[in-house]
Amino acid sequence: VALRSIERVRYENLFIGGAWVAPEDGGMIESIEPATGQPWATVAYGGRRDIDKAVAAARTALEGPWGRMPGHERAAIMRRFADLYRDRAGDLAVLETRDSGRALREARADISGHTHGYHWWASLADKGAGRTIPFDDSVHIFTSRVPVGVVAAITPWNVPLMAAAWKLGPALAAGCTVVLKPAEQTPVTSLELGRIIEQAGFPPGVVNVVPGFGKDGAGEYLVAHPGVDKIAFTGEGSTAKAILRTGAETMKRFTFELGGKSPHIIFADADIEQALNAATNSAWTLCGQSCALGSRVLVQRPVYNRVLEAFRERAKQVRVGQPLDEATHMGPQAHEEQLAKTLSYIDIGKGEGAELVAGGERLSGGAYGNGYFVQPTVFGGVTNAMRIAREEIFGPVAALIPFDEEEEAVSIANDTTYGLTAGLWTQDIGRAHRVSAKIKAGMVWVNTYRFIRWSTPYGGFKASGWGRENGIEALDAYLDTRTTVMST
Ligand code: NAD
């Protein structure tokens, strides 16, 4: 892979109005490579004047060429973009691995799939349809679906390109224009995305990329900006609340994809091997830094010891290492603060009296150097009252909670402020229906886990968010409805 040998990279410009421009009142961020703890990229970030320019460019494109373009022509540009993205997917995966620390094999599998997603969204760009509403002879009533306007896409550091794809796809299909603001910890791949946008031939300003900080930075300016119509946000609940307060002044529309503390329920009658594969995998994917992971593993008591022993064994088999190494399963935590957070929750778990079954330590020195590596960690004997069962850790820490009865499992599963995803394993079809219908989560997986596709609506109940990404439901979040009543 070509980019593997490059030691340091520089992105000195922001992508605004179809051109690469130096920040006016922003500056340069040093992006840290989590595998080494050293800066590896120098990246431009935007200030208030840069955001003003990006929003103005997005508005010009919305009211100009992009807004006037028929859907099938927008679709053609989106398809060209998707093909170019496919050609660059290998490079993008390496860059995302270096910037975020996720294992290359995992980044590649994820990012190569985005091409399909962008094509899927392109296929919807000319399908917008309103309806006619019968009344009487005195009026003709019809609705039109119109783009919501200029969208600020504010993304987190764990999966920068996926979070961008989930927003750009429906926004562009709906005919909106976008200012993309990636997280300050992982800005590189979003700027690289700007290069592909440039090559694809979008009119200037349809997609603008401005890295920057959140509070008192580009993120907050976008949320306060009167020229932005909608905020599409993925990140933490506390940030979402701050965004809500700031955005209330200008009556923004919002989509929020927030955190999770997902129950992964293993009943004694399940296919235990399959359940174990999914449950252990999902504990450590993305080094635990995914909102969808089954971080609370609820296990029915007759199979509890077997599951606990399997977690202990499999935790040891996870190959933690340099994320660019093809053999590595799990890389480091994405940044130093997240490493500290994970380690502090491991201490909290021990202090709460949970049984440390595996892991629990930072890995440093030797091949790990000063990288932000941590062992896959398993706690047994957890109760749902413990903080390690209630709060999102966002690290590779599984909490095993034993239960006896089906009703008890449902009640533990729902005893959380979150409601993003849930999994359950059983071979009893009646139980599969009963339990899945009672779980308060936006996505429930039965005898599978983390099945997420472009066509499957994804989003949270309760504190896990507002609205849906993916699926045609996501398009609604980028469209307004105009009802026209015409006197005859
Ligand atoms: P974060 O909330 O700290 O930051 C997310 C983004 O918001 C960043 O771009 C940041 O710069 C920006 N931001 C911060 N403060 C802001 C403000 N006041 N105004 C405007 N923008 C601001 O989240 P994070 O730590 O980057 O991401 C981790 C969180 O994301 C976890 O809680 C995780 O569960 C969640 N997440 C959810 C999903 C999902 O689909 N539900 C997917 C991935 C991550």
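Residues numbered from 1 in each chain as written. Predicted model: local features only at pLDDT ≥ 70, side-chain atom pairs only at ≥ 80, totals over all residues.

### Remarks on the UniProt feature "active site" (unreviewed entry) in the chain
Part 1 of the argument: The residues that UniProt annotates with the feature "active site" (unreviewed entry) are Glu-257.
Part 2 of the argument: Looking at the secondary structure, you find Glu-257 in strand β12 (residues 253–257).
Part 3 of the argument: Classification of Glu-257 as buried rests on a count of 27 C-beta atoms within 10 Å.
Part 4 of the argument: Once you skip the residues sitting within four places of it in the chain, Glu-257 turns out to touch Thr-234, Gly-459, Gly-465 and Glu-469. (UniProt positions renumbered as here; feature names shortened; annotations may be inferred. Helix = DSSP H or I, 4+ residues; strand = E, 2+ residues; numbered from the N terminus. Buried ≥ 20, exposed ≤ 12 C-beta atoms within 10 Å, placed from the backbone. Contact = placed C-beta atoms within 7 Å.)

### Quick look at the UniProt feature "domain: Aldehyde dehydrogenase" (unreviewed entry) in the chain
Part 1 of the argument: Residues annotated by UniProt as "domain: Aldehyde dehydrogenase" (unreviewed entry) correspond here to residues 20–483.
Part 2 of the argument: Split by type, residues 20–483 is 41% helix and 20% strand. Its first and last C-alpha atoms lie 40 Å apart.

### Here we look at the site of the ligand
Part 1 of the argument: Around the ligand, 30 residues are found, and the nearest of them are Pro-156, Gly-214, Gly-219, Gly-235 and Thr-239.
Part 2 of the argument: Looking at side-chain class alone, the shell around the ligand contains 13 nonpolar, 10 polar and seven charged residues. (Near = placed C-beta within 6 Å. Nonpolar A, V, L, I, M, F, W, Y, C, P; charged D, E, K, R; others polar.)

### Concerning unusual backbone geometry
Part 1 of the argument: A positive phi angle is found at Met-251, which is not glycine, with a value near 50°.
Part 2 of the argument: If you trace the backbone, Met-251 turns up in the loop between α8 (237–248) and β12.
Part 3 of the argument: Of note, the phi angle at Asn-447 is positive, near 55°, even though the residue is not glycine.
Part 4 of the argument: For Asn-447, the position within the fold is in the loop between β21 (443–446) and β22 (465–466).
Part 5 of the argument: Classification of Asn-447 by C-beta neighbours within 10 Å gives partly exposed; the count is 15.

### Side note on the environment of Pro-70
Part 1 of the argument: Within the secondary structure layout, Pro-70 lies in the loop between α2 (65–68) and α3 (71–100).
Part 2 of the argument: The class for Pro-70 is exposed, based on 10 C-beta atoms found within 10 Å.
Part 3 of the argument: Linking Pro-70 and Thr-484, residues 414 residues apart in sequence, is a C-alpha distance of 21 Å.

### Quick look at the sheet that holds strand β5 (residues 38–45)
Part 1 of the argument: Read from one edge of the open sheet, three strands run β1-β5-β4, paired in mixed fashion. What marks the edges here is a single partner per strand, and that holds for β1 (9–11) and β4 (27–33). Sheet twist, expressed as the mean angle between neighbouring strand axes with direction ignored, is 20°.
Part 2 of the argument: Pairing between β4 and β5: seven bridges, direction antiparallel. Looking across to β5, one finds that Glu-33 is bridged to Gln-38. (Pairing = 2+ DSSP bridges. Axes fitted to C-alpha atoms, helices over the stretch in contact; angles between N-to-C directions.)

### Considering the sheet that holds strand β20 (residues 421–425)
Part 1 of the argument: Spatial ordering of the open sheet is given by β15-β18-β19-β14-β13-β20-β21, a layout of seven strands whose pairing is mixed. Either end of the sheet is taken by a strand with one partner, and the two such strands are β15 (355–358) and β21. Across this sheet, the average inter-strand angle for adjacent strands is 20°, counted without regard to direction.
Part 2 of the argument: Across four bridges, the pairing between β20 and β21 is parallel. The partner of Ala-422 across the bridge, within β21, is Val-444.
Part 3 of the argument: The strands touched by helix α9 (residues 272–284) are β13 (263–266), β14 (296–300), β19 (397–403) and β20; relative to β13, the strand with the most contacts, the crossing angle is about 160°.
Part 4 of the argument: Along the sheet, helix α11 (residues 336–351) contacts β15, β18 (377–380) and β19; its crossing angle with β19, the most-contacted strand, is approximately 30°.

### Structural notes on α9
Part 1 of the argument: The first and last C-alpha atoms of α9 sit 18 Å apart over 13 residues, in line with the 18 Å expected at 1.5 Å per residue.
Part 2 of the argument: Those residues of α9 that are buried are in contact with β13, β14, α10 (301–317), β19 and β20.
Part 3 of the argument: Within two residues after α9, Leu-286 carries a phi angle of roughly 55°, on the positive side. (Expected span 1.5 Å × (residues − 1).)

### Digging into the confidence of the model for the chain
Part 1 of the argument: When the pLDDT values of the chain are averaged, the result is 97; 99% of them are 70 or greater.
Part 2 of the argument: Here the predicted complex carries an ipTM of 0.94, next to a pTM of 0.97. (pLDDT = per-residue confidence, 0-100.)

### Describing the nonpolar core
Part 1 of the argument: Among the nonpolar cores identified, the biggest contains 146 residues, and Met-78, Val-178, Ile-266, Ala-399 and Leu-400 are the most heavily contacted of them.
Part 2 of the argument: No other element matches helix α5 (residues 160–174), which puts 11 residues into this core.
Part 3 of the argument: Every residue in contact with Leu-400, bar those within four places of it in the chain, is listed here: Val-297, Val-299, Val-307, Leu-308, Phe-311, Val-378, Phe-379, Gly-380 and Val-382. (Core = buried A, V, L, I, M, F, W, Y, C linked by C-beta atoms within 7 Å.)

### Focus on α3
Part 1 of the argument: A rise of 1.5 Å per residue sets the reference length of α3, with its 30 residues, at 44 Å; its end C-alpha atoms lie only 35 Å apart and thus fall more than 12% short of the reference.
Part 2 of the argument: Bending of α3 peaks at approximately 60° at the position of Arg-88.
Part 3 of the argument: Once α3 ends, the next one or two residues include Gly-101, with phi positive near 85°. (Bend = angle between axes of the 7 residues up to and from the residue.)

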